[in-house]
Amino acid sequence: MVIGVLGVPLTTYGTEDAAGRHAVELLGDTSAKYHFDHLIATARQAAQTGSWSDEKLGGTNTSSSDLPSELAEMDYDAHIGIVFDPQYSFPVGKQPGYTMEGFHRGWLHTDPVHIEVVKAGVSRPWRYEPKAFTFPRDGIAPQADWNDLGWAGMRINRPWAKDAPVDELLVILGATYFRALGDGSVYGASGRLIAVNTGIFEMAESFPRITCLWVHEVENPRDPLVIDGLIDGEHLTAAFRMKMRPEKVTDIDVDLHLFTRKPIRKLGLAPITSMFLFGPEPDARFQDERPEVHDNDGLLAHVPGAVYWQSLRNPLADRTTRLTGDDTIGFGLMQRERRFSRYLDPLTRHELRPDVWVKPTNDWPKGSVELLELARTEEKHDNMGCYYAVDNVPAGKSLHVQYTVSFGSPIQSLAPPKNLADELTNWDDAVAGSDDSGDEVGLPLDQLARAERVVFVRTPWPHWSIIFDGPVLRDEYLDKPFTVVATDKGGVTVAPVITKMPDGKWRVHLSRDVAYPVDVRFEDFGKHLSETVRLQEPSR
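Thresholds, definitions, all that
- Residues numbered from 1 in each chain as written.
- Predicted model: local features only at pLDDT ≥ 70, side-chain atom pairs only at ≥ 80, totals over all residues.
- Heavy atoms only, no water.
- Phe/Tyr/Trp six-rings, centres within 6.5 Å; stacked < 30°, edge-to-face > 60°.
- Buried < 20%, exposed > 50% of the residue type's maximum accessible area, 1.4 Å probe, protein only.
- Helix = DSSP H or I, 4+ residues; strand = E, 2+ residues; numbered from the N terminus.
- Lys NZ or Arg CZ within 6 Å of the ring centre and 35° of its normal.
- Pairing = 2+ DSSP bridges.
- 1 Å grid on protein atoms, 1.4 Å probe; cavity = no way out; pocket = protein on both sides within 12 Å on 5 of 7 lines; lining within 4 Å.
- Points joined across faces, edges and corners; volume = space filled by probe spheres on them.
- Nonpolar A, V, L, I, M, F, W, Y, C, P; charged D, E, K, R; others polar.
- Contact = heavy atoms within 4.5 Å.
- Axes fitted to C-alpha atoms, helices over the stretch in contact; angles between N-to-C directions.

A. Structural view of the packing of aromatic side chains. As enumerated under the stated definition, the model contains 19 aromatic pairs in all. Taking 6.3 Å as the distance between ring centres and 75 degrees as the angle between the ring planes, the aromatic pair formed by Tyr477 and Phe482 counts as edge-to-face. An identical accessibility class is assigned to Tyr477 and Phe482; each is buried. Pairing Phe482 with Trp506 gives two aromatic rings, centres 5.2 Å apart and planes at 85 degrees, and the pair type is edge-to-face. Of this pair, Phe482 sits in the loop between α5 (471-474) and β32 (483-487) while Trp506 sits in strand β34 (residues 506-511); the two residues are 24 residues apart in sequence, bridging distant segments of the chain. With a relative accessible area of 13%, Trp506 lands in the buried category. Ring pairing ties together the aromatic residues Phe84, Trp126, Tyr128, Phe133 and Trp151, which thus form one cluster. One Lys or Arg, Arg241, reaches over the ring of Phe36 and ends 4.7 Å from the middle of that ring.

B. Representation of the pairing of strand β8 (residues 122-125) in the model. Burial along β8 is one-sided: Ser123 and Pro125 are buried, and none of Val122 and Arg124, which face the opposite way, are. Examined bridge by bridge, strand β7 (residues 114-119) and β8 share four bridges and lie antiparallel to one another. Each residue of the ladder has a partner; that of Val117, found in β8, is Arg124. Between the antiparallel neighbours β7 and β8 lie two residues, among them Ala120 with a positive phi of about 55 degrees.

C. Broad picture of the layout of surface pockets. Of the voids in this model, the second largest pocket is the one considered here, and its volume is about 870 Å³. Residue lining of the second largest pocket: 40 residues in total, with Gly279, Pro280, Glu281, Val454 and Val455 positioned closest to the centre. Elements with a contribution of two residues or more to the lining of the second largest pocket: β20 (276-278), β23 (306-311) and β30 (450-457). With seven residues, the single largest contributor to the lining of the second largest pocket is β30. Tallied by class, residues from the lining of the second largest pocket come to 16 nonpolar, five polar and 19 charged.

D. Inspection of the environment of Lys243 at higher detail. With respect to the helices and strands, the residue Lys243 is situated in strand β17 (residues 236-245). Classification of Lys243 by relative accessible area gives partly exposed; the value is 34%. Considered as a pair, Lys243 and Leu225 are 18 residues apart in the sequence and their alpha carbons are 5.5 Å apart. Every residue in contact with Lys243, bar those within four places of it in the chain, is listed here: Pro224, Leu225, Val226, Asp251, Ile252 and Asp253.

E. Structural detail: the sheet that holds β30. Taken in spatial order, the four strands of this open sheet run β30-β31-β34-β33, and their pairing is antiparallel. Two strands bound the open sheet, and with one partner strand each, they are β30 and β33 (497-500). Averaged over all adjacent pairs, the angle separating strand axes in this sheet is 20 degrees, with direction ignored. As defined by bridge partners, strand β31 (residues 463-469) adjoins β34 across six bridges and the pair is classed as antiparallel.

F. Region of the structure containing empty space enclosed by the protein. A full pass over the atoms with the stated rule returns three cavities of 30 Å³ or more. Approximately 70 Å³ is the volume found for the largest cavity. Every residue lining the largest cavity is listed: Gln310, Ser311, Arg313, Arg319, Glu373, Val454, Trp464, Arg534, Leu535, Gln536, Glu537 and Pro538. For the lining of the largest cavity, the elements supplying multiple residues, two or more each, are β23 and β37 (532-535).

The structure is reproduced here in structure tokens:
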């Protein structure tokens, strides 16, 4: 048995049995013509009227308050004991081998999700039935009145190679969360379709949720898997389309139409959530035999003129920091440390956790990339997040947001993922960007030296230590002069100490006593040779 997302068991079986023998038994008898434009119109109307014209489009006929108490009050262990029977897995693409399975409601996942299957422009409901699950003998037993419960969410499975066993590919479960895998990676960071008032510590975050999903059957193996959906929440409604292309790196194109019901103080677009317990820095809060415990170790952001890197930290107090401006080209959470010896955990395999990269593909509203770091002492909590933050969105506002989010392990080489580097470079004919005059200000994105290690050292004196490495420093600038530029938030130049290491890497030492944030990078008369490392005030 393989343990999937959130610990839910995934039964593996051969490709011959990918389509369950009882799959069609869950299809409803009713059918209707389907158009994505109808979903957009429905979401727009619901935001204006405060209600859904078709109750089923706003959810099922049940809500979390209608959930039987034995399901609502169950714990994690009881919930993962309810396992989807692969005999009922539904084929949504015979040639690529896509199959769909459902999650049972209960534990944290109490709200229902209505799911339909679309083929040739016609949709039919995919009905929940208790018989599609196996229940533990000594646990909860299904009741006769459960037939209208609905699903908690769904997952898509597919073999990664011919004659290979079916494996998980995508999970949609809880609020607007989703997770995907690239070939060879294991689940780590999650995507979200929207975040509302995240990182405002004096007020509660709002969690819109996916109420309905339409899964399109894939007829051509070269076509992407398409999933549409509706989102409902206190502050907004939305319709979305996801087009997924699973490869070594799995790309998901997101088309989101959003309509606000109430003013939103901070709207988070393309959010990513992850976990960071501790890294290479000593932390007295943790006595653990593992050297590091995290799903990702840094935030990477690309803007015209620079590539920024900020290492993640588990702070002593919750905090947010803004990293880039309106013209963000891409951002994501990366797992740069890929050596098993830095984790020593054969169960969690943190070295295989995916990088997640977001690339906007249309014009986004004025905003900036924000990093959220929450102080937590248990690795079960996702305490890291990043998103494109848009402040003070009024009621009655509509937004159309398009982007590609990529999951893979690893999808980076020396800068952003190698297979994305060409795309990133093409966005701005510029190397790591250009200034307002259009002059080149840096090397091509995949040639920039990167920060291999960023730690704050407390003894014998408090200072930052940054290790840079990259072919440009080892080859072209082996005997050629360059400078290390470190500037604080006021634009004041800070004097670092640089040392060439015996292995050819470069170490930068910087005093703690500076005005934060501080940006550090290698330059040659203004030409960027490295990404820009952003240093924030270290925890006291």
